[in-house]
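Structural overview for review
Below are the chains, spelled out letter by letter.
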Amino acid sequence: MILSALLLASPVAVDDEIVVLASKLRTVKVRAITKKREGVLVLSKCRITRSSGDADIDAIPCAVAQLCADEKPPKTQVMQACIVEKSQERIDTLVLERRSAQEEGK
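Everything in this summary refers to the structure shown in the same document. (Residues numbered from 1 in each chain as written. Predicted model: local features only at pLDDT ≥ 70, side-chain atom pairs only at ≥ 80, totals over all residues. Heavy atoms only, no water.)

1. Notes on the state of the cysteines
Inspection of the entire model under this criterion finds 2 disulfides. Residue pairing for Cys-68: its cysteine sulfur links by disulfide to Cys-82, the two sulfurs lying 2.1 Å apart. Between Cys-68 and Cys-82 the sulfur-sulfur dihedral comes to about -85°; the bridge is accordingly left-handed. In this pair, Cys-68 sits in helix H4 (residues 60–70) while Cys-82 sits in helix H5 (residues 76–105), placing the two residues 14 residues apart along the sequence. The buried category is assigned to Cys-68, whose relative accessible area is 1%. Residue class for Cys-82 comes out buried when judged on its relative accessible area of 11%. Of note for the protein chain: the bonded cysteines, numbered N- to C-terminal, pair according to 1-2, 3-4. (Disulfide = S-S within 2.5 Å. Helix = DSSP H or I, 4+ residues; strand = E, 2+ residues; numbered from the N terminus. Buried < 20%, exposed > 50% of the residue type's maximum accessible area, 1.4 Å probe, protein only.)

Written out as structure tokens, the structure is:
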């Protein structure tokens, strides 16, 4: 209910914030190492090599990479598609959480 109200109250602001956060996510540099074991990719290492300056944004890439690796993707392309999809979901959630916190603070 609250999330619906937030979206209806300021759809442009939410869209702008999504663009800003997605842009910040693109500035993050990540070193992720995957290995193929028993026909599936396994994430063996992941670390941030360049921060966006936003801890919430910096937490997304490696967390999402691990979630996608847990799904046991057979190919790099499947893993990459999963990472893109789950990253967008995380950004959407982060925007809604921040909007909600702003509304509660008013």
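2. Details of the layout of surface pockets
Taken as a whole, the largest pocket encloses approximately 260 Å³ of empty space. The wall of the largest pocket is formed by Ala-22, Leu-25, Arg-26, Val-28, Lys-29, Val-30, Pro-61, Ile-83, Val-84, Ser-87, Gln-88 and Ile-91. Taken together, the elements giving at least two residues each to the lining of the largest pocket come down to helix H2 (11–27), strand S1 (29–37) and H5. With 5 residues, H5 is the largest single contributor of residues to the lining of the largest pocket. Each residue belonging to the lining of the largest pocket can be placed in one class, and the counts come to 8 nonpolar, 2 polar and 2 charged. Of the volumes computed, that of the second largest pocket is approximately 180 Å³. The wall of the second largest pocket is formed by Val-30, Ala-32, Thr-34, Leu-41, Pro-61, Ala-65, Thr-76, Met-79, Gln-80 and Ile-83. (1 Å grid on protein atoms, 1.4 Å probe; cavity = no way out; pocket = protein on both sides within 12 Å on 5 of 7 lines; lining within 4 Å. Points joined across faces, edges and corners; volume = space filled by probe spheres on them. Nonpolar A, V, L, I, M, F, W, Y, C, P; charged D, E, K, R; others polar.)

3. Some words on the pattern of salt bridges
Scanning the entire structure with this criterion turns up 5 salt bridges. Between Glu-17 and Arg-99 there is a salt bridge, and its shortest N-O distance comes to 3.3 Å. Within this pair, whereas Glu-17 is found in helix H2, its partner Arg-99 is found in helix H5, the two being separated by 82 residues in sequence. Since its relative accessible area comes to 15%, Arg-99 is described here as buried. One salt-bridge network, held together by shared partners, links Lys-24, Asp-54, Asp-56 and Arg-98. (Salt bridge = Lys/Arg side-chain N within 4 Å of Asp/Glu carboxyl O.)

4. A look at the environment of Cys-68
Note: C-alpha distance between Cys-68 and Lys-86 (18 residues apart in sequence) is 8.1 Å. Leave out the neighbours within four places in its chain, and Cys-68 touches Pro-73, Met-79, Cys-82, Ile-83 and Lys-86. (Contact = heavy atoms within 4.5 Å.)

5. Focus: H5
The first and last C-alpha atoms of H5 sit 43 Å apart over 30 residues, in line with the 44 Å expected at 1.5 Å per residue. Along H5, the positions that sit buried rather than exposed are Met-79, Cys-82, Lys-86, Ser-87, Ile-91, Leu-94, Val-95, Arg-99 and Ser-100. (Expected span 1.5 Å × (residues − 1).)

6. Concerning the packing of H4 against H5
In contact at an axis separation of 9 Å, H4 and H5 are set at 130° when each is read in the N-to-C sense. In this view, H4 runs oblique relative to H5, as classed from their interaxial angle. H5 is crossed by H4, and the crossing has right-handed handedness. Residue-level inspection shows Ile-60, Ala-63, Val-64, Ala-65, Leu-67, Cys-68 and Ala-69 of H4 in contact with H5, the latter providing Met-79, Cys-82, Ile-83, Lys-86, Ser-87, Arg-90 and Ile-91. (Axes fitted to C-alpha atoms, helices over the stretch in contact; angles between N-to-C directions. Parallel < 35°, antiparallel > 145°, perpendicular 65-115°, else oblique. Left-handed = near helix turned anticlockwise from the far one by under 90°.)

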